[in-house]
Amino acid sequence: MSRRVVRQSKFRHVFGQAAKADQAYEDIRVSKVTWDSSFCAVNPKFLAIIVEAGGGGAFIVLPLAKTGRVDKNYPLVTGHTAPVLDIDWCPHNDNVIASASDDTTIMVWQIPDYTPMRNITEPIITLEGHSKRVGILSWHPTARNVLLSADVIHSVCWNSNGSLLATTCKDKTLRIIDPRKGQVVAERFAAHEGMRPMRAVFTRQGHIFTTGFTRMSQRELGLWDPNNFEEPVALQEMDTSNGVLLPFYDPDSSIVYLCGKGDSSIRYFEITDEPPFVHYLNTFSSKEPQRGMGFMPKRGLDVSKCEIARFYKLHERKCEPIIMTVPRKSDLFQDDLYPDTPGPEPALEADEWLSGQDAEPVLISLRDGYVPPKHRELRVTKRNILDVRPPSGPRRSQSASDAPLSQHTLETLLEEIKALRERVQAQEQRITALENMLCELVDGTD
């Protein structure tokens with residue numbers, strides 16, 4: 001009589017649970033734009049959601065603690081002239097977020113710690129250069145203020161030190177790219193044979209995890225070794241649903257969570273070095289389909305409750321946190337669940353990375369919990385790294401308008417901008433006080 005051997009894993013009993021109703025965010029008009037991005041971005045301070053807006057594109061930013069019903073007049077972040085397609089928080093500054101739009105631009109925004117009185121309409125900087133809609137944004141994981149944007153590809157993912165990119169494209173090709181050299185290091189045509197979009201993420205083992213579709217339109221997942229793209233390390237068929245599977249990968253646990261747009265479930269797998277390499281763990285199921293999903297960085301989790309992941313599920317008019325927990329009886333800090341994890345400090349400056357340096361993320365311990373740092377002003381240097389390549393044709397002369405600002409001039413401008421923002425904030429507070437006085441006078445004459 002044979003005995004079934006159960007694989008040992010500390011994540012075998014991970015379970016998902018929706019937060020209580022009073023911990024959800026209600027009355028949010030989630031965007032109805034047809035686009036396969038997550039529509040939601042979250043960090044330890046803020047929750048950002050792409051929303052419906054007349055006359056252009058917008059998203060809402062809420063302090064994480066501001067749960068419950070959201071006032072219909074709550075200020076939005078507006079400025080794009082067409083729908084917003086993607087948003088991404090800077091990993092090194094919790095008050096900075098980038099947005100990409102159908103209007104071909106990218107905008108970078110500084111979000112104040114206080115609740116603004118009116119819509120935020122002035123970005124720190126507007127980045128131009130795309131000729132088509134910009135549907136993908138991704139900040140560099142270790143270098144300060146390096147932002148990637150893309151238009152014609154389906155997905156992009158940095159590796160852990162930001163030296164390589166994995167991209168998937170409409171031509172059905174999975175590519176590994178060196179962004180500083182502008183070279184394709186490796187590629188695989190038809191990693192998934194179907195015509196529907198693929199997604200790809202790097203794993204901590206250096207492999208590439210992909211989701212896609214078979215020729216018969218079944219959803220499929222794969223694991224690939226970029227040093228040998230001939231055969232997959234693993235390939236598994238999933239189901240026949242037509243929603244694109246968005247993979248959210250946690251390198252600390254090596255668990256990948258699959259969330260399909262239009263699905264009502266989250267499936268999760270552990271990736272290991274042992275066959276079959278991609279091990280099914282469990283499925284969180286609910287009744288309502290998801291319009292999008294946000295994924296909290298590890299430093300924003302509650303380690304006292306053995307929480308190893310937290311999602312922010314978008315419904316049609318609300319956002320619902322979903323908590324993934326490892327059941328443990330002890331109240332002590334669980335070292336095995338929480339290895340040191342990437343913190344908010346960059347490992348490199350942008351110039352260092354551009355010059356060819358690489359560095360792994362600066363890690364922090366979660367033993368005593370994580371407290372987000374105070375608001376930090378973003379300093380802007382606008383540069384496209386593609387411009388540092390040797391030109392293919394004769395160099396054009398540089399006009400006066402093209403000359404770079406000196407450091408002194410830049411700092412002077414930033415100081416002036418800061419002073420003007422403080423003045424505007426003071427004026428807004430004065431306007432509010434006067435409006436309150438006017439209301440009191442009107443009430444007194446009734």
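Here, the structure is the one placed above.
Attention here is on the structure that accompanies the text. (Residues numbered from 1 in each chain as written. Predicted model: local features only at pLDDT ≥ 70, side-chain atom pairs only at ≥ 80, totals over all residues. Heavy atoms only, no water.)

### A closer look at the packing of aromatic side chains
- One pass over the structure, following the stated rule, counts 13 aromatic pairs.
- Between Phe 59 and Trp 109 the ring centres are 6.3 Å apart and the planes differ by 80 degrees, which places this aromatic pair in the edge-to-face class. Within this pair, whereas Phe 59 is found in strand S5 (residues 57–63), its partner Trp 109 is found in strand S10 (residues 106–110), the two being separated by 50 residues in sequence.
- Given the relative accessible area of 0%, Trp 109 is considered buried.
- Residues Tyr 257 and Tyr 268 carry aromatic rings whose centres are separated by 5.6 Å and whose planes lie at 40 degrees to one another, so their mutual orientation is tilted. Of the two residues, Tyr 257 is situated in strand S23 (residues 255–260) and Tyr 268 in strand S24 (residues 265–271); the sequence distance between them amounts to 11 residues. Note on accessibility: Tyr 257 and Tyr 268 belong to one class, buried.
- Here a set of aromatic residues connected by ring pairs shows up, and it is made of Phe 248, Tyr 257, Tyr 268, Phe 295 and Phe 311.
- Across from the ring centre of Phe 39, 3.8 Å away, lies the NZ or CZ of Lys 261, which sits over that ring. (Phe/Tyr/Trp six-rings, centres within 6.5 Å; stacked < 30°, edge-to-face > 60°. Helix = DSSP H or I, 4+ residues; strand = E, 2+ residues; numbered from the N terminus. Buried < 20%, exposed > 50% of the residue type's maximum accessible area, 1.4 Å probe, protein only. Lys NZ or Arg CZ within 6 Å of the ring centre and 35° of its normal.)

### Overview of the pattern of salt bridges
- Throughout the structure, instances matching the rule amount to 19 salt bridges.
- Asp 27 serves as the salt-bridge partner of Arg 69, at 2.9 Å between the closest nitrogen and oxygen. You can see Arg 69 sitting in strand S6 (residues 68–69) and its partner Asp 27 sitting in the loop between strand S2 (25–26) and strand S3 (40–42), a full 42 residues away along the chain.
- Its salt-bridge partner being Glu 193, residue Arg 215 comes within 3.1 Å of it at the nearest N-O pair. Residue Arg 215 is found in the loop between strand S19 (208–213) and strand S20 (219–224), and its partner Glu 193 is found in the loop between strand S17 (183–189) and strand S18 (199–202); the two are separated by 22 residues along the sequence.
- Via salt bridges that share partners, Arg 219, Asp 239, Asp 263 and Arg 267 belong to a single interconnected network. (Salt bridge = Lys/Arg side-chain N within 4 Å of Asp/Glu carboxyl O.)

### With respect to the state of the cysteines
- Considering all chains together, one arrives at 0 disulfides under this definition.
- In this model Cys 40 remains outside any disulfide bridge; the closest cysteine sulfur is found in Cys 319, 4.9 Å from its own.
- Judged by relative accessible area, Cys 40 falls into the buried class, the value being 5%. (Disulfide = S-S within 2.5 Å.)

### Things to note about the sheet that holds strand S7 (residues 77–80)
- The sheet built from 4 strands is open, its strands ordered S3-S4-S5-S7 with antiparallel pairing. If you trace the sheet from one side to the other, it starts and ends with S3 and S7, each paired once. Adjacent strand axes in the sheet meet at a mean angle of 20 degrees, parallel and antiparallel pairs treated alike.
- Pairing of strand S4 (residues 46–51) with S5, which is carried by 6 bridges, proceeds in the antiparallel orientation. Its bridge partner being in S5, Val 51 is matched across the sheet by Ala 58. (Pairing = 2+ DSSP bridges. Axes fitted to C-alpha atoms, helices over the stretch in contact; angles between N-to-C directions.)

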